[in-house]
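# Commentary on secondary and tertiary structure
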Amino acid sequence: MTLRLLFVSTSVGPLGSGMGGGVELTINNLAHSLLQRGHQVQVVAPDGSQFSAAPIINIEGQLQVSAQHQSRGTPIEMPGDSVLGNMWAYARRVQADFDLIVNFAYDWLPLYLTQFFQTPVAHLISMGSLTEAIDQVISRAIAYSPQCIAVHTRSQAETFDFADRCHVLGNGFDLSLYKYCAEPSAGLAWLGRIAPEKALEDAVRASEQAGLPLQVLGHLQDQDYFDQTLSQFPGAQVDYLGFLPTDKMQQVLRRCRALLVTPRWVEAFGNVVIEALACGVPVIAYRRGGPAEIVRDGETGWLVEPDSVEGLVDAIANLSQINRHACRQQAEQDYSLAALGERAEQWFDKILRQP
Ligand code: HBI
């Protein structure tokens with residue numbers, strides 16, 4: 001059965017700006033995978049969004065404060081002319097034209113509104129547990145609509161006390177965008193939003209100790225943190241290339257010997273891990289969160305004791321044991337658009353079959 005789907009985007013930035021981090025790629029990939037299966041998709045997003053995969057409605061208003069720097073007790077805050085409020089006012093107006101509404105914002109409002117909509121609302125939760133208020137409102141949404149919550153990995157689900165009530169969706173990518181590279185010609189890579197919870201400093205220190213250059217790509221969210229990291233390791237050879245669109249990013253990534261993934265927090269998934277594997281690039285990651293569920297230790301990369309820089313350096317020294325073709329094969333087996341589309345349809349079916 002073809003579904004008419006309304007995607008309501010993250011509230012922290014326009015699609016295409018990089019401010020939404022991994023959610024931007026997730027929305028793009030999920031739209032592609034469902035369009036390929038004959039469903040209709042329309043996207044609602046903050047003004048200034050760029051989106052090629054499906055028709056997009058740009059909504060004005062003030063962006064939400066990013067949740068990942070809030071402490072557990074932080075109360076919900078909404079700016080005056082909230083883009084989140086405006087996006088959901090639009091969704092309410094058009095809900096009768098859709099079979100299902102999918103929310104991608106890690107925010108209180110859409111979760112709270114679940115019970116007030118006639119069209120079923122589904123939520124793809126993009127981070128682990130961060131605040132009491134969000135945990136409580138997700139539990140309330142599950143009480144009203146038991147199948148409505150999906151996450152990316154089991155370890156992300158485990159950060160919530162309703163772990164067994166979440167669908168684990170993984171993620172999926174248009175692997176044709178990532179060109180396999182059998183022979184690396186560059187040093188190491190680090191990819192992601194540049195902010196303290198991503199612990200770029202560990203990758204810089206490890207590259208300095210390994211005597212290899214480090215190419216850094218991603219949205220520069222915290223300039224002070226970045227400056228402080230570079231000044232801490234004057235001997236490191238760090239090249240910051242900015243936030244690049246997928247094609248330009250993979251042209252850099254594919255030539256690298258390995259991607260270093262150094263999350264200080266429980267990374268919900270780690271889109272960058274799949275992007276590296278798709279290029280044949282081994283992944284060296286802390287054994288923490290989503291990346292630890294994805295990387296096959298000793299086969300498609302190395303899993304390292306969390307926060308151990310010497311562990312990263314040892315893994316870098318053992319890269320020759322990793323077969324780059326096995327990395328590409330893993331991406332094709334588990335993380336293609338077809339695999340994601342299949343898992344998403346199963347999730348939607350369960351929601352739509354609820355009494
Ligand atoms: N914070 N309030 C809020 N809402 C979001 O949708 C959000 C966020 N912080 C980070 C974020 N989304 C994404 O970058 C991650 O979920 C990937």
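Residues numbered from 1 in each chain as written. Predicted model: local features only at pLDDT ≥ 70, side-chain atom pairs only at ≥ 80, totals over all residues. Heavy atoms only, no water.

### As for the overall build of the protein
Going by this rule: Secondary structure follows DSSP: runs of H or I at least 4 residues long count as helices, runs of E at least 2 residues long count as strands, and numbering of each begins at the N terminus. Each radius of gyration is computed over the set of C-alpha atoms, and the globule rule expresses the reference value as 2.2 Å times the number of residues to the power 0.38. Classification of residues uses two cut-offs on accessible area relative to the type maximum, computed with a 1.4 Å probe and protein chains only: under 20% is buried, over 50% is exposed, and between them is partly exposed. Should any heavy atoms of two residues lie within 4.5 Å, those residues are considered in contact. Surface accessibility follows the Shrake-Rupley procedure with a 1.4 Å probe radius. Residue values consider only the protein chains on display as shielding. His is not counted, nor are the chain ends, whereas Lys and Arg count as positive and Asp and Glu as negative. Where a charge lies is defined by one atom per residue type: Lys uses NZ, Arg uses CZ, Asp uses CG and Glu uses CD.
Secondary structure assignment for the protein yields 13 helices and 13 strands. Its C-alpha atoms give the protein a radius of gyration of 20 Å, within 12% of the compact-globule value 20 Å for 355 residues. For the C-alpha atoms alone, the extent of the protein along its principal axes is close to 60 × 40 × 35 Å. Looking at the protein as a whole, 58% of its 355 residues qualify as buried. Of all intrachain contacts in the protein linking residues separated by at least 6 positions in sequence, the fraction that spans at least 24 positions is 68%. Summed over its atoms, the accessible surface of the protein is roughly 14100 Å², and 48% of this surface lies on carbon and sulfur atoms. Seen as two clouds, the 25 positive and the 38 negative side-chain charges of the protein have centres 5 Å apart.

### Side note on the site of the ligand
Our working rule: We call a residue near a given molecule or strand whenever any one of its heavy atoms falls within 4 Å of it. Polar contacts, as used here, are pairs of N or O atoms within 3.5 Å; protein pairs need one atom able to donate a hydrogen and one able to accept it. Residues neighboring in sequence count only if both atoms are side-chain atoms. Three categories are distinguished: nonpolar for Ala, Val, Leu, Ile, Met, Phe, Trp, Tyr, Cys and Pro, charged for Asp, Glu, Lys and Arg, and polar for the others, with Gly belonging to the last.
Within the structure, the ligand sits among 17 residues, and Thr10, Gly20, Ala67, Asp107 and Ser126 are positioned closest to it. Between the ligand and threonine 10, the relevant distance is 2.8 Å, taken from an oxygen atom to a side-chain nitrogen or oxygen of the residue. The separation between an oxygen atom of the ligand and a polar main-chain atom of tyrosine 106 is 3.0 Å. Relative to its free-state accessible area of 390 Å², the ligand is covered by the protein chains to the extent of 95%. Class assignment of the residues belonging to the shell around the ligand gives a composition of seven nonpolar, nine polar and one charged.

### Some words on unusual backbone geometry
Generally, phi is negative for residues other than glycine and the peptide bonds are trans, each holding for most cases. A positive phi angle, close to 50°, is found at alanine 199, a residue other than glycine. Along the chain, the position of alanine 199 falls in the loop between strand S8 (188–191) and helix H6 (200–210). On the basis of relative accessible area, alanine 199 is assigned to the buried category, the value being 0%. The phi angle at aspartate 307 is positive, at roughly 70°, despite the residue not being glycine. The residue aspartate 307 is located in the loop between strand S13 (301–304) and helix H11 (309–317) in this model.

### Regarding the UniProt feature "domain: Glycosyl transferase family" (unreviewed entry) in the protein
In plain terms, the rule: UniProt positions are given in the numbering used here, feature names are shortened, and annotations may be inferred rather than shown by experiment.
According to UniProt, the positions carrying the feature "domain: Glycosyl transferase family" (unreviewed entry) are residues 191–333. Along residues 191–333, the helical share is 43% and the strand share 14%, with 23 Å between the first and last C-alpha atoms.

### Some details on the pattern of salt bridges
How we decide: Here a salt bridge means any side-chain nitrogen of Lys or Arg lying within 4 Å of a carboxyl oxygen belonging to Asp or Glu.
In the structure shown here, the tally under the stated rule is 15 salt bridges. Its salt-bridge partner being arginine 264, residue aspartate 202 comes within 2.8 Å of it at the nearest N-O pair. With aspartate 202 in helix H6 and arginine 264 in the loop between strand S11 (258–261) and helix H9 (271–278), this pair connects stretches of sequence that are 62 residues apart. What makes aspartate 202 buried here is its relative accessible area of 5%.

### Focus on the nonpolar core
Basically, it comes down to this: What makes a nonpolar core is a set of buried Ala, Val, Leu, Ile, Met, Phe, Trp, Tyr and Cys residues whose side-chain atoms join them at distances within 4.5 Å.
One finds Leu200, Leu214, Leu259, Leu260, Val283, Ile284 and Ile316 to be the most contacted residues of the largest nonpolar core, which totals 58 residues. Grouped together as the second largest cluster of nonpolar side chains are 27 residues, Phe7, Val23, Leu100 and Trp347 included.

### Thoughts on the packing of H6 against H11
The criterion, for reference: Here an angle of 0 to 180 degrees is reported between the N-to-C directions of two axes, which are lines fitted to C-alpha atoms, with helices fitted over the stretch in contact. By the definition adopted for this analysis, an angle is roughly parallel if under 35 degrees, roughly antiparallel if over 145, roughly perpendicular if from 65 to 115, and oblique otherwise. For any helix crossing, the convention is left-handed if the near helix is rotated counterclockwise from the far helix by under a right angle, and right-handed if that rotation is clockwise.
One can describe the packing of H6 onto H11 by two numbers: an axis separation of 9 Å at closest approach and a directional angle of 50°. Here H6 is positioned oblique relative to H11, judged by the angle of their axes. Crossing geometry of H6 relative to H11 is assigned as right-handed. Contacts between H6 and H11 involve Asp202, Arg205, Ala206, Gln209 and Ala210 from the former and Val309, Leu312, Val313 and Ile316 from the latter. Classifying every residue of the contact of H6 with H11 gives six nonpolar, one polar and two charged.

### Quick look at the pairing of strand S12 (residues 283–286)
Moving residue by residue along a regular strand, the side chains alternate between the two faces of the sheet. As a reminder, the rule being used: We treat two strands as partners when DSSP finds at least two bridges between them. For a crossover, the right-handed case is the one in which the path from the first strand over the helix to the second runs clockwise, viewed with the strands pointing away from the viewer.
In S12, alternate side chains face the same way, and those of Val283 and Ala285 on one face and Ile284 and Tyr286 on the other are all buried. As judged from the three bridges shared by S11 and S12, these two strands associate in the parallel manner. Directly across from leucine 259, in S12, lies its bridge partner valine 283. Between S11 and its parallel partner S12, the chain crosses via H9, and the hand of that crossover is right-handed. Where S12 lies against S13, four bridges are found, and the strand directions are parallel. Of the residues in S13, the one forming a bridge with tyrosine 286 is valine 304.

### As for the pairing of strand S9 (residues 214–217)
Burial along S9 is two-sided: the face carrying Leu214 and Val216 and the face carrying Gln215 and Leu217 are both buried. Two elements, S8 and S9, share four bridges in a ladder whose sense is parallel. Across the sheet, residue alanine 189 finds its bridge partner in S9, namely glutamine 215. Taken together, S8, H6 and S9 constitute a β-α-β crossover, and its handedness is right-handed. Where S9 and strand S10 (residues 238–240) come together, three bridges link them in parallel fashion. In the sheet register, valine 216 faces S10, and the bridge partner there is tyrosine 240.

### Description of helix H12 (residues 324–334)
Along H12, the residues that are buried comprise Arg324, Ala326, Cys327, Arg328, Gln330 and Ala331. On the buried face of H12, the contacting elements are H9 and helix H10 (289–294). Among the residues of H12, the N-terminal cap falls to asparagine 323, whose side-chain oxygen and the backbone nitrogen of histidine 325 are separated by 2.6 Å.

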